[in-house]
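# Results of the structural survey
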Amino acid sequence: MDIKLMDNLQITIQDNGSGMSKEEIEALLLDQKDESQKVGMGIGMRYVKRILESNYGDKAKLEIKSEVGKGTIVSIFLPVSGGENTQ
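Keep in mind the model is a prediction, meaning the values are calculated, not measured.

Counting 11 residues, the largest nonpolar core is built from Met20, Ile25, Leu28, Met45, Leu52, Tyr56, Ala60, Leu62, Ile64, Val74 and Leu78. Among the secondary structure elements, those contributing two or more residues to this core are helix H1 (22-29), helix H3 (42-56), strand E3 (61-67) and strand E4 (71-79). In this structure Leu52 touches Gly57, Ala60, Lys61, Leu62, Ile76 and Leu78, once residues within four positions along its chain are discounted.

In structure tokens:
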């Protein structure tokens, strides 16, 4: 796990598991339930994505990079100033 604070807060988690194909990542991020359930992270990833969108709109970003057989890197980018719904 890595955390960086610059123009935004970047939280990155990396594993050395079996990885995912580009198609599996797209299905996961585009909320295609059948494919994301095969990956094994569908419910949690959809929840994180939905929370980021509802609190930060397009100011936050969820990014997944993966290579089959080598692992996956998941990064979350949050604005430093706070969410749209924060007062």
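All right, on to the pairing of strand E2 (residues 8-15) then. Sheet topology note: the strand E1 (residues 2-5)/E2 ladder contains 4 bridges and is antiparallel. Pairing of Asp2 across the sheet is with Thr12, part of E2. By the bridge criterion, 8 bridges tie E2 to E4 in an arrangement that is antiparallel. Note that in E4 the partner of Gln10 across the bridge is Phe77.

The antiparallel open sheet is built from 4 strands, whose spatial order is E1-E2-E4-E3. Each edge of the open sheet carries a strand with a single partner, namely E1 and E3. On average, adjacent strands in this sheet sit at an angle of 15° to one another, irrespective of strand direction. Across 7 bridges, the pairing between E3 and E4 is antiparallel. By the bridge assignment for E4, Lys65 is matched with Ile73.

On the surface, Met1, Ile3 and Ile13 cluster together into a nonpolar patch covering about 360 Å² of accessible area. Position of Met1 among the secondary structure elements: in the segment before E1. Under the relative-accessibility criterion, Met1 is labelled exposed at 75%.

Attention shifts here to the pattern of salt bridges. One side chain can pair with another of opposite charge once the charged atoms of both are near each other. Applying the stated criterion across every chain yields a total of 4 salt bridges. The salt bridge partner of Asp2 is Lys4, with a shortest N-O separation of 3.9 Å. According to the relative accessible area criterion, Asp2 is partly exposed, its value standing at 36%.

Once that is clear, we can look at H1. Within H1, the full set of buried residues consists of Ile25, Ala27 and Leu28. Projection of H1 onto a plane perpendicular to its axis shows the buried side chains occupying an angular sector of 160°, all on one side. Seen from the buried face of H1, the exposed residues on the opposite side, beyond 90 degrees, are Lys22 and Glu23.

Analysis parameters
- Within any chain, residue numbers begin from 1 and follow the written order of that chain's sequence.
- Reporting in this predicted model follows two pLDDT cut-offs: at least 70 for local features of residues, and 80 or more for side-chain atom pairs to be given and counted; totals over whole chains, interfaces and linings ignore these cut-offs and use all residues.
- Note: side-chain values were computed over all heavy atoms of the structure, leaving out hydrogens and water.
- Side-chain atoms within 4.5 Å are what join buried Ala, Val, Leu, Ile, Met, Phe, Trp, Tyr and Cys residues into a set we call a nonpolar core.
- Note on classification: 1.4 Å probe, protein chains only; a residue is buried when its accessible area is under 20% of the maximum for its type, exposed when over 50%, partly exposed between these limits.
- In this text, helices come from DSSP runs of H or I with a minimum length of four residues, and strands from runs of E with a minimum of two, each type numbered from the N-terminal end.
- Throughout, a residue-residue contact means that at least one pair of heavy atoms, one from each residue, lies within 4.5 Å.
- Note: two strands are recorded as paired if DSSP finds a minimum of 2 bridges between them.
- Angular values range over 0 to 180 degrees, each being the angle between N-to-C directions of two axes fitted as lines to C-alpha atoms, with helices fitted over their stretch in contact.
- Patches here: salt-bridge-free residues with over 30% relative accessible area, like charges joined within 9 Å, nonpolar side chains (Val, Leu, Ile, Met, Phe, Trp, Tyr) joined within 5 Å.
- Accessibility throughout is a Shrake-Rupley quantity obtained with a 1.4 Å probe, and a residue counts as covered only by protein chains that appear here.
- Salt bridge, as used here, is a side-chain nitrogen of Lys or Arg placed within 4 Å of a carboxyl oxygen of Asp or Glu.
- Each C-beta atom gives one direction from the helix axis, and the arc is the one those directions make.

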